[in-house]
Amino acid sequence: MSELRGLLAEVAARVADYRESVAGAPVFPEDTTGVREKLGDLPDKPAPPADVIRRLADAVEPALVATTGPRYFGFVVGGALDAATAADMLTTGWDQPAFNKVTSPAAAIVEEVAGEWLKDVLGLPSTASFGFVTGGQGANTVCLAAARHHVLAKAGWDVERRGLNGAPPLRVVAGEGRHATIDCSLRLLGLGADAVDPVRADAQGAIDVTDLERVLDGPAIVCLQAGNVNSGAFDDFGAAIRIAHEHGAWVHVDGAFGLWAAASPAFRPLVAGVDQADSWAVDGHKWLNVPYDSGYAFCAHPESHRAAMSVTAAYLTGQGDGGVRAPGDFVPESSRRARGFATWAALGELGRSGLAELVDRCCALARRFAERLEAIEGVTVVNDVVLNQVLVSFGDKTDEVVEAVQRSGECWLGATTWHGRRLMRIAVSNWTTTEADVDRGVAAIQAAWASVAAKG
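Residues numbered from 1 in each chain as written. Predicted model: local features only at pLDDT ≥ 70, side-chain atom pairs only at ≥ 80, totals over all residues. Heavy atoms only, no water.

A.B. asks: Quick question: what am I supposed to make of the side chain of D235 here?
C.D. replies: By secondary structure assignment, the location of D235 is in the loop between β4 (221-225) and α10 (237-246). Summary of buried charges: D235 has no salt-bridge partner, and the nearest side chain of opposite charge, R178, is 11 Å away. A polar contact is formed between the side chain of D235 and the backbone nitrogen of Q225, at a distance of 2.7 Å. The residues contacting D235, other than those within four sequence positions of it, are G205, A206, I207, L224, Q225 and L270. (Helix = DSSP H or I, 4+ residues; strand = E, 2+ residues; numbered from the N terminus. Buried < 20%, exposed > 50% of the residue type's maximum accessible area, 1.4 Å probe, protein only. Lys, Arg positive; Asp, Glu negative; His and termini not counted. Salt bridge = Lys/Arg side-chain N within 4 Å of Asp/Glu carboxyl O. Polar contact = N/O pair within 3.5 Å; in protein donor to acceptor, adjacent residues only side chain to side chain. Contact = heavy atoms within 4.5 Å.)

Set out below in structure tokens:
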């Protein structure tokens, strides 16, 4: 074990060195062509662990993307808080299968506490069940599986036992601006993307409540959104949920990053009424800044949640015994990482006020981006910056500008298509980002735009 102690100390030091230097490093690697060659072929004989780790790190570090750094503005990717990073390293060292209290009472208890804390900061019902999953895709799938069970059970159909062949038709209603993971979840659940009855969206991507009322004519699953993936817009939860429930529908909220607005008194009005929904999906590796992978599925109907996810077998023990909650009852995986440790650590480091400040600061930095870019001739910010998302147009040169910024290594941001227009998409969600980082990003964008424009 002395060799293991030395190896882990060396790895911890290397991680610390990387994290301390990432702010000054190019945000995207300049050249990754040598990585495969450095990794080499499968060896014939065993090798000392320390040599293996050094070889891996030496080969891979030049190809890393600085997603943990302060100038990564792509895909709503947060960094990883110090406490959450350390907790994740402990999670790997402890190597707990977080299925139930028999496989790991520690993992089960910590996940239970962290789940209660999450419901608190997100303003969700204290009676809601929850599952720790891989991210927004996993959370949406779990929630929609619970919805499928619940709606079909009300129609007298046991979908877990009988499947979908011969089942009553199940309608899914979702806005035109929904995230692609909703459609993917419907495919995975056997409903298919064609099950969606689309509802019109307004100019910012929020659902048209009037059109929702037109589309609904009976029991269905209604998917709403907290934070449009492009604009950051929020659906009108109070009105939409009331209408959906009047028609007997289940309401699911995809709140991958936007639901974190509930943690801030300043931005909480954006999610007014969201607690009346039936299920909610949230990412941890976005605004909570927990290491990948981390997501949360919440459900206001615990029995439907459990019925859709739980598994039993003759050799399994510790399920349904009361006392300690069984995490495996609420997620698809039996073999699962103990994600609760890192989430507990992140919330413990931030506290309520720290999480609120993180949300507020990222939103202020997004507005700073918008204001400074809007002041540049020929540049247009096309969305209402209500949260942490900024959409920018450079006319027919947008893709060229985005590519030039990415090549510069100064910052990284992506492109998207919205309302038929190609746009730069900026997302601010990293706990280490400062005003200076935003200004440096603006300077890089301005330089790229000037270079592209000069070429005609």
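A.B. asks: Got a minute to help me understand helix α13 (residues 398-408) in this structure?
C.D. replies: Given 3.6 residues per turn, any residue in an α-helix points the same way as the ones three and four places further on. Turning to α13, its buried residues number three or more, namely T398, V401, V402, A404 and V405. With its buried residues spanning 165° around the axis, α13 presents them on a single face. Those residues of α13 hidden inside the fold are in contact with β9 (389-393), β10 (414-418), β11 (421-427) and α14 (435-454). (Arc of directions from axis to C-beta.)

A.B. asks: Any chance you could explain the sheet that holds strand β8 (residues 380-381) here in plain terms?
C.D. replies: Strand pairing in a sheet is mediated by backbone hydrogen bonds. Such pairs are either parallel or antiparallel. Here we have four strands laid out as an open sheet, ordered β8-β9-β11-β10, and antiparallel in their pairing. Looking at which strands have only one partner, the edges of the open sheet turn out to be β8 and β10. Each of β9, β10 and β11 touches α13; the most contacted strand, β11, lies at about 30° to it. (Pairing = 2+ DSSP bridges. Axes fitted to C-alpha atoms, helices over the stretch in contact; angles between N-to-C directions.)

A.B. asks: Quick question: what am I supposed to make of the sheet that holds strand β5 (residues 250-254) here?
C.D. replies: Ordered by their spatial adjacency, seven strands build an open sheet running β1-β7-β6-β5-β4-β2-β3, and the pairing between neighbours is mixed. Two strands lie at the open edges of the sheet, namely β1 (129-133) and β3 (196-199), each paired on one side alone. Looking at each pair of strands side by side, their axes are set apart by 20° on average, direction ignored. Both β4 and β5 contribute to a ladder of five bridges, which runs parallel.

A.B. asks: What should I look at first to understand the pattern of salt bridges in this one?
C.D. replies: Going through the model one piece at a time under the given rule, you end up with 30 salt bridges. Among the ionic pairs, R171 bridges to D217, the shortest N-O distance being 3.3 Å. Separated by 46 residues along the polypeptide, R171 in the loop between α7 (159-162) and β2 (172-175) and D217 in the loop between α9 (209-215) and β4 bring together distant segments of the chain. Take R171: its relative accessible area is 21%, and that puts it in the partly exposed class. Residue classification places D217 among the exposed positions, given a relative accessible area of 62%. A salt bridge links R200 to D208; the nearest nitrogen and oxygen atoms lie 3.8 Å apart. A relative accessible area of 25% places D208 in the partly exposed class. Salt bridges sharing common partners tie together R200, D208, D211 and R214.

A.B. asks: How should I be thinking about α14 in this particular structure?
C.D. replies: Here α14 spans 28 Å end to end across 20 residues, near enough to the 28 Å set by a 1.5 Å rise per residue. Buried residues in α14 make contact with α12 (340-374), α13 and β11. G456 lies just past α14 and shows a positive phi near 80°. (Expected span 1.5 Å × (residues − 1).)

A.B. asks: How do you make sense of the packing of helix α4 (residues 82-94) against α12 when you look at a structure like this?
C.D. replies: Relative orientation and spacing of two packed helices are given, respectively, by the angle between their axes and the distance between those axes. Running from N to C, α4 and α12 cross one another at 155°; their axes reach a closest spacing of 8 Å. One way to sum up the angle between α4 and α12 is to call them roughly antiparallel. Crossing hand, α4 versus α12: right-handed. Contacts between α4 and α12 involve D82, A83, A84, A87, D88, T91 and W94 from the former and F341, A342, A345, A346 and E349 from the latter. Across the contact of α4 with α12, the residue classes tally to eight nonpolar, one polar and three charged. (Parallel < 35°, antiparallel > 145°, perpendicular 65-115°, else oblique. Left-handed = near helix turned anticlockwise from the far one by under 90°. Nonpolar A, V, L, I, M, F, W, Y, C, P; charged D, E, K, R; others polar.)

A.B. asks: Sorry, what's going on with unusual backbone geometry here?
C.D. replies: For residues besides glycine, phi is generally negative; the peptide bonds are generally trans as well. That bond from Y292 to D293 is cis: its omega, -5°, falls within 30 degrees of zero. Non-glycine residue N289 carries a positive phi angle of around 60°. Looking at the secondary structure, you find N289 in the loop between β6 (279-283) and β7 (295-299). Residue classification places N289 among the buried positions, given a relative accessible area of 0%.

A.B. asks: Can you help me understand the packing of aromatic side chains in this one?
C.D. replies: For any pair of aromatic rings, geometry is given as the distance between the ring centres together with the angle between the planes. All chains considered together, the criterion is met by eight aromatic pairs. Seen from their ring centres, W94 and F341 are 5.0 Å apart, and the 75° between their planes marks the pair as edge-to-face. Residue W94 is found in helix α4, and its partner F341 is found in helix α12; the two are separated by 247 residues along the sequence. Take W94: its relative accessible area is 44%, and that puts it in the partly exposed class. (Phe/Tyr/Trp six-rings, centres within 6.5 Å; stacked < 30°, edge-to-face > 60°.)

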